[in-house]
Every structure is written in C-alpha cells, then in structure tokens.
Amino acid sequence: MDFGLKGKRAVVLAASRGLGYACALGLAREGCDLVITSRSQDHIDEAAEKIRAETGVRVIGVAADVSREDGVNAPVQRCIEEFGGVDIAVHNAGGPPAGGFENVNTEQWYKAFDQNLMSFVWLSQAVLGPMKAAGWGRIIAITSSSIKQPIPNLVLSNAMRTGILGTVRTMIKEVTPAGVTVNVVAPGRIATERIDELDHAAAKRSGKAVEEVKAESQASIPAGRLGTPEEFANVVVFLASEAASYVSGATIQIDGGKLDALQ
Ligand code: NAD
C-alpha cells in the first residue's frame, strides 16, 4: 500500500526514545521530514542523527518541554519555518506519576494537566491553522489503555487521557470538514525503556525477581508478549497516511488483546 507520506512534514513531541521515537522513525521511513522534541538537546540530537542516518530525511531536534505552551509552539513554528508547513502532528509526553486518588496532591494534578492534556490542546491549536489552510492534516494523540479501562493507582493518567478523548470527539466535528483527521492511539504494554524501568521498580517494591514480574505481565496479554515500539508505530504511520483519509475520531488500542472493555 502506498501511504502517500513522502515529503510530508511531521512534528513528533517527546521523541528521544520509546513510543515517540518509534513513531518518528516510522514516519521517516515513509519519507516524512521531521521536527522532534525532548527536554534535553543532547538526547534529541542523538535521536535525530540516528533517524537521519537510517532514512536520509531531514530531521530537526528541538529541546522543549511539552508541559509549557512555548515548548509546544516552538517545534511547530520551526517546522513551518524550515519545511514550509506542517502536515502531521503526533502528540506524546512523559507519563504522569503513579498514585491513587487519595495520594495525589493539587500540584501534581496541575502538572499532569499541563504535561498530558494541555500539551495536546496547544499542539492542536498550533497546527490547525496551517492544516486547515492546506485542506489536509493529521493529528494523532498517544494516550494509554486507561482511556478505555482505568488503571488502578494511576488516577492522573486515567483523568488526563480521557480529557484528550473528550477533546478529540469535540474537535472532529469542527476540523474534519476542513480535511484534518484527529485520532487517538491507546498503548497497552509496549516494550520501551520506561516499561523496563517500571518492571524494575515493581520488582523492588514487591521483592519479586524482575523476570517474575515480566513473566506475570506477559501472561496477562493474550498475544503472550509485550508489543514492540515498531508494531505500535505502524498504526500511527497508517493513521498519518493518505490511506487513513476516512478515519477520524477513532480510538485504536494497541495491546495484543489485553483490554476487556467493550468499547
Ligand atoms: P518513555 O519514558 O520511554 O519516553 C518518554 C519520552 O518523552 C522520552 O523521549 C522523554 O525524553 C520525553 N519526555 C518526557 N517528559 C517530557 C517533557 N516534559 N517534555 C518533552 N519531552 C518529554 O515512555 P514511553 O513508554 O515511550 O511512553 C510514552 C507515553 O505513552 C507516556 O505518556 C506513557 O505514559 C504512555 N504509555 C506508554 C505505554 C507503554 O506500553 N510504553 C503504555 C501506556 C501509556
């Protein structure tokens, strides 16, 4: 299938590693030019260089914090200045800290609000003008399976990511007529460094061996294993493509069959 992505210009937030990096690489393999971000210039330069070396596309690394409005606007402006426009925006951010309702404080609520919900709003605000003017655009939000089935002890993720979903379901009525699709992807358990760090933390907390924690986690997934970042990125690349022109407002879980939720 021709994804029709050659020469498209994409901004991918929080992309020095993990899911954001995999999405950036997947888009680059299809010929997109990229602006990618993370808070550390060194880390994002390293990621940009790896993608450039493998694919030959143009990649600009911008050091910017997604929990600030200027940190989201800057890469979009850079994309427009350097590449002449922006066609694709992939929203990603670091996950909020764990905690149940009774052990998360007001400061943590506001931080997660900026980092995980407002960053999506700011990104969409920044790209919609140029995308609508061009009559073509793709906005994709990376969330979590928690938007379909809340995860115990992760109230901030459960709350902020469903906020994105409500925002997207409202936006599509306004922007899809102008040729801009907006979709949500919901990872279950994809093998990134973050997941590895969480498994180590869980092992330490429970006194179990890391291997045991990982085996339990895998056993809970019908596919019998964690997903790879590339498997995750394949779905994002499809949603970004011309081939997904009639998909807007969808939430696609990428979880090897793990979720029990009906919708
Ligand atoms: P990760 O920790 O491996 O990568 C996060 C990326 O975000 C890194 O590049 C980091 O530099 C960047 N980042 C973090 N905070 C930032 C900030 N304030 N500004 C700019 N960049 C920032 O995480 P991941 O596993 O790739 O997950 C990405 C997102 O998907 C997270 O929100 C995570 O909670 C969510 N998620 C992941 C999984 C999974 O299976 N990996 C499952 C559910 C949800």
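Sequence order as written defines residue numbering, which begins from 1 separately in each chain. Owing to the predicted nature of the model, reporting of local features is limited to residues with pLDDT of at least 70; listing and counting of side-chain atom pairs is limited to 80 or more, with chain, interface and lining totals taken over all residues. No hydrogens and no water enter the side-chain calculation; it runs on all heavy atoms of the structure.

Caption draft 1: View of the sheet that holds strand β7 (residues 251-254). Pairing is parallel across the open sheet formed by seven strands, whose spatial order is β3-β2-β1-β4-β5-β6-β7. What marks the edges here is a single partner per strand, and that holds for β3 (59-63) and β7. Pairwise comparison of adjacent strand axes, ignoring direction, gives a mean angle of 15 degrees for this sheet. For two strands to count as paired, DSSP must find a minimum of two bridges between them. Only DSSP runs of H or I with at least four residues qualify as helices, and only runs of E with at least two residues qualify as strands; both kinds are numbered from the N terminus onward. Relative to strand β4 (residues 88-91), strand β1 (residues 9-12) runs parallel, the two sharing three bridges. Its bridge partner being in β4, V11 is matched across the sheet by A89. For helices, the fitted line uses only the C-alpha atoms of the stretch in contact; every axis is such a line through C-alpha atoms, and the angle between N-to-C directions lies from 0 to 180 degrees.

Caption draft 2: Region of the structure containing the packing of helix α6 (residues 193-206) against helix α7 (residues 210-219). Viewed as axis vectors pointing N to C, α6 and α7 meet at an angle of 115 degrees, and their least axial separation amounts to 8 Å. Where α6 crosses over α7, the two elements pack in a sense that is right-handed. Residue-level contacts link D196, D199, H200, A202, A203 and S206 of α6 to V210, V213 and K214 of α7. Residues that form the contact of α6 with α7 fall into these classes: four nonpolar, two polar and three charged. Handedness of a crossing follows from how the near helix is turned relative to the far one, being left-handed for an anticlockwise turn of less than a right angle and right-handed for a clockwise one. Here, two residues are considered to be in contact whenever any of their heavy atoms come within 4.5 Å of each other. Under this grouping Gly is polar, as are all residues other than the nonpolar Ala, Val, Leu, Ile, Met, Phe, Trp, Tyr, Cys and Pro and the charged Asp, Glu, Lys and Arg.

Caption draft 3: A look at the packing of aromatic side chains. Stacked, tilted and edge-to-face pairs are distinguished by plane angle, under 30 degrees for stacked and over 60 for edge-to-face with tilted covering the rest, among Phe, Tyr and Trp rings (Trp via its six-membered ring) whose centres lie within 6.5 Å. Following the criterion strictly, the structure yields zero aromatic pairs and no others. Our definition puts a charge over a ring when NZ of Lys or CZ of Arg is within 6 Å of the ring centre and also within 35 degrees of the ring normal. K50 extends its terminal NZ or CZ atom over the ring of Y21, reaching a point 4.7 Å from the ring centre. One Lys or Arg, R138, reaches over the ring of W136 and ends 4.1 Å from the middle of that ring.

Caption draft 4: Up close: the site of the ligand. If a single non-hydrogen atom of a residue is within 4 Å of a molecule or strand, that residue counts as near it. Around the ligand sit 27 residues, and of these S16, L19, A93, I190 and T192 come closest. Taking L19, its main chain carries an N or O atom lying 2.8 Å from an oxygen atom of the ligand. Distance and chemistry together define a polar contact, namely a pair of N or O atoms within 3.5 Å, with one atom able to donate a hydrogen and the other to accept it when in protein, and with adjacent residues in sequence counting only for side-chain atoms on both sides. Interatomic distance of 2.6 Å between a backbone N/O atom of A93 and an oxygen atom of the ligand. Relative to its unbound accessible surface of 830 Å², the ligand loses 90% to contact with the protein. Residues of the shell around the ligand, tallied by class, amount to 10 nonpolar, 11 polar and six charged. Where each domain starts and ends follows an automatic or database-derived domain assignment. Inspection of the shell around the ligand shows a minimum of three residues originating in each of domain 1 (9-189 + 229-253) and domain 2 (192-226). For the accessible areas, the method is Shrake-Rupley and the probe is 1.4 Å, while residue cover comes only from the protein chains on display.

Caption draft 5: Structural detail: the nonpolar core. In plain words, nonpolar cores are sets of buried Ala, Val, Leu, Ile, Met, Phe, Trp, Tyr and Cys residues tied together by side-chain atoms within 4.5 Å. Residue exposure (1.4 Å probe, protein chains only): buried if accessible area is under 20% of the type maximum, exposed if over 50%, otherwise partly exposed. Ranked by size, the top nonpolar core spans 41 residues in total, and within it F120, L123, V127, I139 and V182 carry the most contacts. Counting residues per element, the ones that place at least two in this core are β3, α3 (69-83), α4 (106-134), β5 (137-142), α5 (155-175) and β6 (180-187). Per-element tally for this core: the top contributor is α4, with 11 residues. Residue contacts for I139: discarding those within four places in its chain leaves A89, F120, S124, V127, L128, M131, M171, V180, T181, V182 and N183.

Caption draft 6: Here's a closer look at the pattern of salt bridges. What makes a salt bridge here is a side-chain nitrogen of Lys or Arg within 4 Å of a carboxyl oxygen of Asp or Glu, nothing more. With the rule as written, the count across this model stands at 14 salt bridges. Between R58 and D33 there is a salt bridge, with its nearest N and O atoms 3.0 Å apart. One end of the pair, R58, is in the loop between α2 (41-55) and β3; the other, D33, is in strand β2 (residues 33-38), and 25 residues separate them in sequence. For D33, a relative accessible area of 10% gives the class buried. When the shortest N-O distance is used, the salt bridge between D199 and R189 registers 2.5 Å.

Caption draft 7: Region of interest: α2. For α2, built from 15 residues, the straight-helix expectation of 21 Å at 1.5 Å per residue is met to within 8% by its first-to-last C-alpha distance of 21 Å. Taken as a whole, α2 has its buried residues at I44, A47, A48 and I51. Across the axial projection of α2, the buried residues extend over an arc of 100 degrees, all falling on one side. Away from its buried face, by an angle of more than 90 degrees, α2 presents the exposed residues D42, E46 and A53. Here the buried face of α2 lies against α1 (18-29), β2 and β3. Directly after α2, the chain includes G56, whose backbone phi takes a positive value near 80 degrees. Here the expected span of a helix is defined as 1.5 Å times the quantity of residues minus one. Taken from the helix axis, the directions to the C-beta atoms give the arc we talk about.

Caption draft 8: Structural view of the side chain of N116. With respect to the helices and strands, N116 occurs in helix α4. The exposure class of N116 is buried, given its relative accessible area of 2%. A polar atom in the side chain of N116 sits 3.0 Å from the backbone oxygen of G94. Setting aside its immediate chain neighbours within four residues, N116 contacts H91, A93, G94, G95, P96, M160, R161 and I164.

Bear in mind that shape data such as this cannot, by itself, settle questions of function.
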